[in-house]
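The primary structure of each chain is shown beneath.
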Amino acid sequence: PLKKSTEKLWRGCADFRQERRASENLYQQEVLNMKFAGVIFDLDGVLCFTDKYHYQAWKKLADRLGIYFDEKINGRLRGVARMECLEIILEKSEKQYTDQEKKSFADEKNSCYRELLKNMTPDDISEEVRNTLNRLREKGLKLAVGSSSKNTPLILERTDLAKYFDAVSDGNNITRSKPAPEVFLKAAEGISCKPAECLVVEDALAGIEAGIAGGFKTAAIGDAVQYHRSDFELKTFSDLLSIVENK
């Protein structure tokens, strides 16, 4: 009886694994068969890279305040709004600051950061990114930017990226930053698309979570790939073309 019971258990496990594989395959096929009408991009870490400027500006502030700050802490700031970034940095502070002082610190950092951004030029955008954006537009997809940064307009202007996008949603028109989905929902509204019709491209876990929360399909690139939370994982930016071409 024990042998028969064990055999029955193993057959049940095998059937469960087979059903699970079939379910996963069906889900992947549904994703691949989906028709996207629009693509929404995070800015920093996806279209361009300003991490070094953020780090330099936060580091300058932290050093003035006598607060320890390094690359590891800086990594926690990706995709996070400015005031929330400041709170993370102040975790290492032995002193308590008023809300007014915190606002002053954030403004100081942003002033330094904006000065550093003036060093950006169109050459900071790779040919791969520009060619891919052109191809996506040629295919009739609507493109938008969804970034928590209030400096998005300046970056788009300095890098000559603005011309590729039909809508921009950023830190200037939202009240809640990622992982809240507001920035992507407003971007989708800006290109007259439903969330289910859009693909969100992100390099940060907070952004992937925001896309999921908003009902979007998501594509991870860079650091976000390691979390395996997205519908697609991109090795290079141009991998987007194979995704939309498979529709």
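Residues numbered from 1 in each chain as written. Predicted model: local features only at pLDDT ≥ 70, side-chain atom pairs only at ≥ 80, totals over all residues. Heavy atoms only, no water.

## With respect to the packing of aromatic side chains
The full count for this structure, using the stated rule, is 6 aromatic pairs. On the numbers, 4.9 Å between centres and 85° between planes, the contact of Tyr 97 with Phe 105 is edge-to-face. For the residue pair Tyr 97 and Phe 105, the accessibility class agrees, reading buried in each case. Connected via pairs of aromatic rings, a cluster forms that spans Phe 41, Phe 165 and Phe 237. Positioned above the aromatic ring of Tyr 113, the side-chain terminus of Lys 109 is 4.3 Å from the ring centre. (Phe/Tyr/Trp six-rings, centres within 6.5 Å; stacked < 30°, edge-to-face > 60°. Buried < 20%, exposed > 50% of the residue type's maximum accessible area, 1.4 Å probe, protein only. Lys NZ or Arg CZ within 6 Å of the ring centre and 35° of its normal.)

## Here's the deal with the sheet that holds strand 3 (residues 167-169)
Taken in spatial order, the 6 strands of this open sheet run 3-2-1-4-5-6, and their pairing is parallel. A strand with exactly one partner marks an edge of an open sheet, and here the two such strands are strand 3 and strand 6 (232-234). Direction aside, the axes of adjacent strands within the sheet are offset by 25° on average. Pairing of strand 1 (residues 38-41) with strand 4 (residues 198-202) involves 4 bridges; the strand directions are parallel. Considered in strand 4, the bridge of Val 39 is made with Leu 199. Strand contacts of helix 8 (residues 182-190): strand 1, strand 2 (142-146), strand 3 and strand 4, with the helix running at about 160° to strand 3, the strand carrying the most contacts. Sitting on the sheet, helix 9 (residues 205-213) touches strand 4 and strand 5 (217-221), and the angle it makes with strand 5 is about 170°. (Pairing = 2+ DSSP bridges. Helix = DSSP H or I, 4+ residues; strand = E, 2+ residues; numbered from the N terminus. Axes fitted to C-alpha atoms, helices over the stretch in contact; angles between N-to-C directions. Contact = heavy atoms within 4.5 Å.)

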